[in-house]
Amino acid sequence: SNHDRGLNKPGMWADITIFNEKTVYDNATYLAPDNSPSGIEYVLMNGQTVVEGGAIKPDVKAGQVLRRQ
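Keep in mind that what you see is a predicted model, and the values were worked out from it rather than measured.

1. Quick word on the pairing of strand 3 (residues 48-52)
And then number 1: Relative to strand 3, strand 2 (residues 40-45) runs antiparallel, the two sharing four bridges. Across the sheet, the residue bridging to Val43 is Val51, located in strand 3.
And then number 2: Sheet analysis places strand 3 next to strand 4 (residues 55-56), joined by two bridges and oriented antiparallel. By the bridge assignment for strand 4, Val51 is matched with Ile56.
And then number 3: Hairpin connection of strand 3 to strand 4: two residues between the antiparallel strands, including Gly53 at a positive phi of 60°.

In structure tokens, the structure reads:
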């Protein structure tokens, strides 16, 4: 297991999602699975802002794939 993940404190790897509970909605459908959700205001991955004001910041590369061992 990864003991350096999931807590919001120095030295740890954590992600934060800030959303509007009144407008959050999954816009993906069977025919359009890549539709982005609405109501997601900010997403921070490992200390980097990857969604700001509801818009994805395509120039920011954060995070990594975790593989189960």
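Once the structure has been displayed, the description carries forward.
2. Topic: the environment of Ala62
And then number 1: Note on placement: Ala62 falls in the segment after strand 4.
And then number 2: Along the sequence, Ala62 and Pro10 sit 52 residues apart, while their C-alpha atoms lie 17 Å from each other.
And then number 3: If we skip the residues at most four places from it in the chain, Ala62 touches Met45, Gln48 and Val50.

About the cut-offs
- Residues numbered from 1 in each chain as written.
- Predicted model: local features only at pLDDT ≥ 70, side-chain atom pairs only at ≥ 80, totals over all residues.
- Heavy atoms only, no water.
- Pairing = 2+ DSSP bridges.
- Helix = DSSP H or I, 4+ residues; strand = E, 2+ residues; numbered from the N terminus.
- Contact = heavy atoms within 4.5 Å.

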